Amino acid sequence: MGNLTATRPLQPWTAPTASEPVSATLRLPGSKSLTARALVLGALANGPSTLMGALRARDTELMAGALRAMGAHMSIADDDRWLVRPHPLVGPAHVDVGLAGTVMRFVPPVAGLTDGRVTFDGDPAARTRPLGPLVGALRSLGVRIDVTGPGSLPLTVLGTGRVTGGEVVIDASASSQLVSGLLLAAPRFDRGVVVRHVGPPVPSAPHLRMTVQMLRAAGAAVDDGTPDVWTVEPGPLSGRVWEIEPDLSGAVPFFAAALVTGGEVTLRGWPRSSAQPVERLRSLLHEMGGQVSLSTAGLTVRGTGTVHGITADLADVSELTPVLTALAMLADSPSVFTGVGHIRGHETDRIAALAREFTGLGADVTESPDGLEIRPRPLRGGVFRTYHDHRMAHAAAVTGLAVPGVELDDVSCTSKTMPEFPALWSGMVTGGN
Ligand SMILES: O=C(O)C1=C[C@@H](OP(=O)(O)O)[C@@H](O)[C@H](O)C1
Ligand SMILES: C=C(OP(=O)(O)O)C(=O)O
């Protein structure tokens, strides 16, 4: 179960080392991104929705808690089935965003539609994550927001029950979620929205496509035919059944284990056609020495035990950077990753944190403004700090497969998206799965 508090005790963990190739067939929890969007769209719809295979973890529990605080009815029928019954949105309410980018960027636009005050705050690290462009955009769409601190959090949305909407210009180069948040609530704005991005490229294009795809599935009229411009018409959203796919980013450390150990990992329950960037992952893992195949058994990755270095622009799959960095550390040639300057604003400054922690294990790695350069050499065990970042923990776990004595200062941060990570991982490495 997701741990909802920011002050959970640190849980030190020694990453298990693989003595033989891993061989596992796993069923992993649902996608954080699909679950978050389905919850928001469900709360804004004109009828009930059911989420099948929803992710139950800290980020999605915080999302459900936020929407519930504003009046939506959310219940968990069983582990796999969440029910959402929309209800008029009301304040006053308080939203704890935790460290969830989805909650801090998707919920303030919804709060604009409530009749009342909605206050927002989160973990200390959330206060430094980029939110200002969303605050500016919402204000220009007619939402009153008070920002009380030096950053964008804590903030208060003074909802009036309606949002005018219309045209807005935003610099969303810090996070695609700034755009997704505006689009998800926009069918309920009086005039819908036209969002125009101006600035350096918006990262994470597949997540924007997911937003558009899910809005359309809920009945919204969306035009994304012009680069960097998204139009959402005002109109009703329908309740529906959402089938949530397993989380691709959460699956990547497990796939990486197949590459590092020369083993084979199959994830069950993979759809034939995915809303997540499977093809991009397939080509990255293929270049690094793995084989990816999709069959009725699921999505399978096979490795040879030899990992190759790569040069890649990871802007569209930036949340994979930590695990790909761990793979690059164990490769037979150097790697250069670019295009991910914005991950300095993820759960932690991931570029700096990866460079610092891998250097501590003896790595030869340099930071660039928008990425990392890795020249593999033998690593040693040691303490690896995770900075409350689940994907730092994943990177350390992958490294530990080949390097004995990688000691994470805290593995509880994996509860953000996969509370069962330590157990699943240990089971895979020791052959229990
Ligand atoms: O919309 C989403 O669900 C997400 C978008 C991406 O954010 P950024 O564009 O900030 O990288 C991704 O990294 C994050 O994990 C999830
Ligand atoms: C960047 C991530 O999360 P968030 O949704 O909090 O931005 C992530 O999960 O890698």
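Residues numbered from 1 in each chain as written. Chains lettered and ligands numbered in written order. Predicted model: local features only at pLDDT ≥ 70, side-chain atom pairs only at ≥ 80, totals over all residues. Heavy atoms only, no water.

The name recorded for the protein chain in an unreviewed UniProt entry is 3-phosphoshikimate 1-carboxyvinyltransferase, from Micromonospora sagamiensis. UniProt's Sequence similarities (unreviewed entry) comment on the protein chain is quoted here verbatim: "Belongs to the EPSP synthase family." (UniProt positions renumbered as here; feature names shortened; annotations may be inferred.)

Peer 1: How should I be thinking about the overall build of the protein chain in this particular structure?
Peer 2: Summing up its helical and strand segments, the protein chain has 12 helices and 23 strands in all. Taking 433 residues into account, the globule formula puts the C-alpha radius of gyration at 22 Å, and the protein chain, at 21 Å, falls close to it. A separation threshold of at least 6 residues defines the contact pool for the protein chain, and within that pool the share at least 24 residues apart is 74%. Total accessible area on the protein chain stands at roughly 15600 Å², and carbon and sulfur atoms take up 51% of it. The positive charge centre, built from 36 side chains, and the negative charge centre, built from 40, are 4 Å apart in the protein chain. (Helix = DSSP H or I, 4+ residues; strand = E, 2+ residues; numbered from the N terminus. Rg over C-alpha atoms; globule rule 2.2 N^0.38 Å. Contact = heavy atoms within 4.5 Å. Areas by Shrake-Rupley, 256 points an atom, 1.4 Å probe, with all protein chains shown as cover. Lys, Arg positive; Asp, Glu negative; His and termini not counted. Charge placed at Lys NZ, Arg CZ, Asp CG, Glu CD.)

Peer 1: Looking at this structure, how should I read the pattern of salt bridges?
Peer 2: Proximity of charged atoms lets side chains of opposite charge pair with each other. Within the structure shown, the criterion is met by 19 salt bridges. For Arg280, the salt bridge identified is with Asp316, shortest N-O distance 3.1 Å. Here the residue Arg280 occupies a position in helix α8 (residues 278-287), and Asp316 occupies one in the loop between β18 (311-313) and α9 (321-329), the gap between them amounting to 36 residues. The class of Arg280 is partly exposed, set by a relative accessible area of 24%. Its salt-bridge partner being Lys416, residue Glu347 comes within 2.9 Å of it at the nearest N-O pair. One end of the pair, Glu347, is in the loop between β19 (335-338) and α10 (350-360); the other, Lys416, is in the loop between β23 (406-408) and α12 (421-430), and 69 residues separate them in sequence. (Salt bridge = Lys/Arg side-chain N within 4 Å of Asp/Glu carboxyl O. Buried < 20%, exposed > 50% of the residue type's maximum accessible area, 1.4 Å probe, protein only.)

Peer 1: Sorry, what's going on with the site of ligand 1 here?
Peer 2: Neighbouring ligand 1 are 15 residues, the closest being Ser33, Arg37, Ser175, Ser176 and Glu319. Here an oxygen atom of ligand 1 sits 2.3 Å away from a polar atom, N or O, in the side chain of Glu319. Residue His346 places a side-chain N or O atom 2.9 Å away from an oxygen atom belonging to ligand 1. Within the residue set of the shell around ligand 1, elements represented by two or more residues are α1 (32-44) and α3 (101-111). Among the residues making up the shell around ligand 1, the classes are represented as two nonpolar, 10 polar and three charged. (Near = heavy atom within 4 Å. Polar contact = N/O pair within 3.5 Å; in protein donor to acceptor, adjacent residues only side chain to side chain. Nonpolar A, V, L, I, M, F, W, Y, C, P; charged D, E, K, R; others polar.)

Peer 1: I would appreciate a short explanation of the UniProt feature "binding site: 3-phosphoshikimate" (unreviewed entry) in the protein chain in the present structure.
Peer 2: According to UniProt, the feature "binding site: 3-phosphoshikimate" (unreviewed entry) maps to Lys32, Ser33, Arg37, Ser175, Ser176, Gln177, Ser204, Glu319 and His346 in the numbering used here. You can see Lys32 is positioned in helix α1. Residue classification places Lys32 among the buried positions, given a relative accessible area of 8%. Mapped onto the elements of the fold, Ser204 is located in the loop between β11 (193-197) and α6 (205-217). Under the relative-accessibility criterion, Ser204 is labelled buried at 9%. Those residues in contact with Ser204 that sit more than four places away from it in its chain are Ser176, Ala315, Asp316, Ser318 and His342.

Peer 1: What exactly am I supposed to notice about the site of ligand 2 here?
Peer 2: Residues in contact with ligand 2 amount to 14 residues; listed here are only the nearest, Lys32, Gly101, Arg129, Arg391 and Lys416. Within the contact set of ligand 2, an oxygen atom lies 2.7 Å away from a side-chain nitrogen or oxygen of Lys32. In the environment of ligand 2, an oxygen atom lies 3.0 Å from a nitrogen or oxygen atom belonging to the side chain of Arg350. When ligand 2 is considered free in solution it has 290 Å² of accessible area, and contact with the protein chains removes 98% of it. Elements supplying a minimum of two residues to the shell around ligand 2: α3 and α11 (390-402). Of the residues assigned to the shell around ligand 2, the class counts are two nonpolar, five polar and seven charged.

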